[in-house]
Amino acid sequence: MAKLLYIQASPRRALSKSTHVAAEFLKSYWHAHQDDRIRTINVFHNSLPAFDGLAVQAKYAILHGKDHTVEERHVWNAVEKVIADFKDADKYLLSLPMWNFGIPYRLKQYIDVLVQPGYTFKVGENGYEGLVRGKPLLAIYSRGGAYPEDSPAEAVDLQKKYIELIFGFMGFENIQSIVVEPTLQGISEEVEKVIEASIEKARSMAEMF
Ligand SMILES: Cc1cc2nc3c(=O)[nH]c(=O)nc-3n(C[C@H](O)[C@H](O)[C@H](O)COP(=O)(O)O)c2cc1C
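Residues numbered from 1 in each chain as written. Predicted model: local features only at pLDDT ≥ 70, side-chain atom pairs only at ≥ 80, totals over all residues.

Considerations on the site of the ligand
- Neighbouring the ligand are 17 residues; Ser 10, Ser 18, Pro 97, Gly 144 and Gly 145 lie closest to it.
- Here the element with the most residues in the shell around the ligand is helix 1 (residues 17-32); it accounts for three residues.
- In terms of residue class, the shell around the ligand is made up of five nonpolar, nine polar and three charged. (Near = placed C-beta within 6 Å. Helix = DSSP H or I, 4+ residues; strand = E, 2+ residues; numbered from the N terminus. Nonpolar A, V, L, I, M, F, W, Y, C, P; charged D, E, K, R; others polar.)

What follows is the structure in structure tokens.
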């Protein structure tokens, strides 16, 4: 039995295109892996610890080998719980919209909680080393516009680039992707075709994931 963690990063519930494609992936995944356990976190709807001054103090206390104060211990317990829940999975599915060429702020908050030295990366003899290794990630990206590879628009796609960078930093080497675009351009029939093609791809990837 494998554990799949589904990280949902659109707040739009049933209206979300990235969530819709991910839901079709999960239906096929479930069919092919009936013993697996699927857990979902929505970064907008689940509570996340704030990564504010106190959390930063708690992080720096560890870096400087100091004991936590009671308040720092309290916030760090919450950070550790989020990281433990994340690392507990064997496989990861992430669905996210592009917001202002990057990622939604609540997903950034989740990442700021996750990416901690000694937990998801370390500084080894050869520099930074990711600690979440040997686990696949499928990222489903939706965007209003189109940012095709080798086009001038690709340069401003900081959504896919950032996800690949930061998950790579945590040790992920097998990062697969489905790009759902453009979702806000053209007539609705064209958008429908884009979504259908993405769902087809998602279904075909689910069995072997
Ligand atoms: C706050 C906000 C910012 C957005 N910024 C961009 C953007 O920079 N580029 C783009 O192509 N689409 C942008 N969009 C459009 C979304 O990426 C697009 O509608 C996407 O399909 C939404 O995915 P969802 O339905 O899963 O939430 C933005 C949408 C919102 C709400």
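Some details on the nonpolar core
- Ranked by internal contacts, the top residues of the largest apolar core, which has 45 residues, are Val 21, Leu 93, Leu 94 and Ile 140.
- In contact with Leu 93, not counting residues within four places along its chain, are Leu 4, Tyr 6, Ala 22, Phe 25 and Leu 138. (Core = buried A, V, L, I, M, F, W, Y, C linked by C-beta atoms within 7 Å. Buried ≥ 20, exposed ≤ 12 C-beta atoms within 10 Å, placed from the backbone. Contact = placed C-beta atoms within 7 Å.)

Some thoughts on the environment of Lys 17
- Here Lys 17 lies in helix 1.
- Residue classification places Lys 17 among the buried residues on the basis of 23 C-beta atoms within 10 Å.
- C-alpha of Lys 17 to C-alpha of Leu 93: the two residues are 76 residues apart in sequence and 15 Å apart in space.
- Among residues more than four places away in sequence, those in contact with Lys 17 are Ser 142, Val 180, Thr 183 and Ile 195.

Notes on the pairing of strand 2 (residues 37-42)
- Sheet analysis places strand 1 (residues 3-8) next to strand 2, joined by six bridges and oriented parallel. Across the sheet, Leu 5 pairs through a bridge with Arg 39, a residue of strand 2.
- As for the winding sense of the linkage, the β-α-β connection from strand 1 through helix 1 to strand 2 is right-handed. (Pairing = 2+ DSSP bridges. Right-handed = clockwise from strand over helix to strand, strands pointing away.)

So, the confidence of the model for the protein chain
- With 100% of its residues at a pLDDT of at least 70, the protein chain reaches an overall mean of 97.
- Per-residue pLDDT, averaged within each element of the protein chain, yields its smallest value for strand 4 (residues 121-124) (95) and its largest for strand 3 (residues 91-97) (99). (pLDDT = per-residue confidence, 0-100.)

Side note on the packing of helix 1 against helix 6 (residues 188-206)
- Their axes nearest at 8 Å, the elements helix 1 and helix 6 cross at an angle of 30 degrees. In terms of their interaxial angle, helix 1 and helix 6 are classed as roughly parallel. Between helix 1 and helix 6 lies a crossing of right-handed hand. Of helix 6, the residues touching helix 1 (which contributes Lys 17, His 20, Val 21, Glu 24, Phe 25, Ser 28, Tyr 29 and Ala 32) are Ile 195, Ser 198, Ile 199, Ala 202, Arg 203, Met 205 and Ala 206.
- Taken together, the residues of the contact of helix 1 with helix 6 sort by class into nine nonpolar, three polar and three charged. (Axes fitted to C-alpha atoms, helices over the stretch in contact; angles between N-to-C directions. Parallel < 35°, antiparallel > 145°, perpendicular 65-115°, else oblique. Left-handed = near helix turned anticlockwise from the far one by under 90°.)

Looking at the environment of Ile 83
- Here Ile 83 is to be found in helix 3 (residues 70-87).
- Beyond its immediate chain neighbours, meaning those up to four positions away, Ile 83 contacts Leu 114, Gln 116, Tyr 119 and Thr 120.

Re the sheet that holds strand 2
- An order of 2-1-3-6-7 is seen for the five strands of this open sheet, with the pairing classed as parallel. This sheet does not close on itself; its edge strands, each paired only once, are strand 2 and strand 7 (175-180). Direction aside, the axes of adjacent strands within the sheet are offset by 15 degrees on average.
- Looking at chain direction, strand 6 (residues 137-142) and strand 7 are connected through six bridges and run parallel. Looking across to strand 7, one finds that Ile 140 is bridged to Ile 178.
- Set on the sheet, helix 6 makes contact with strand 6 and strand 7; between it and strand 7 the angle comes to about 160 degrees.

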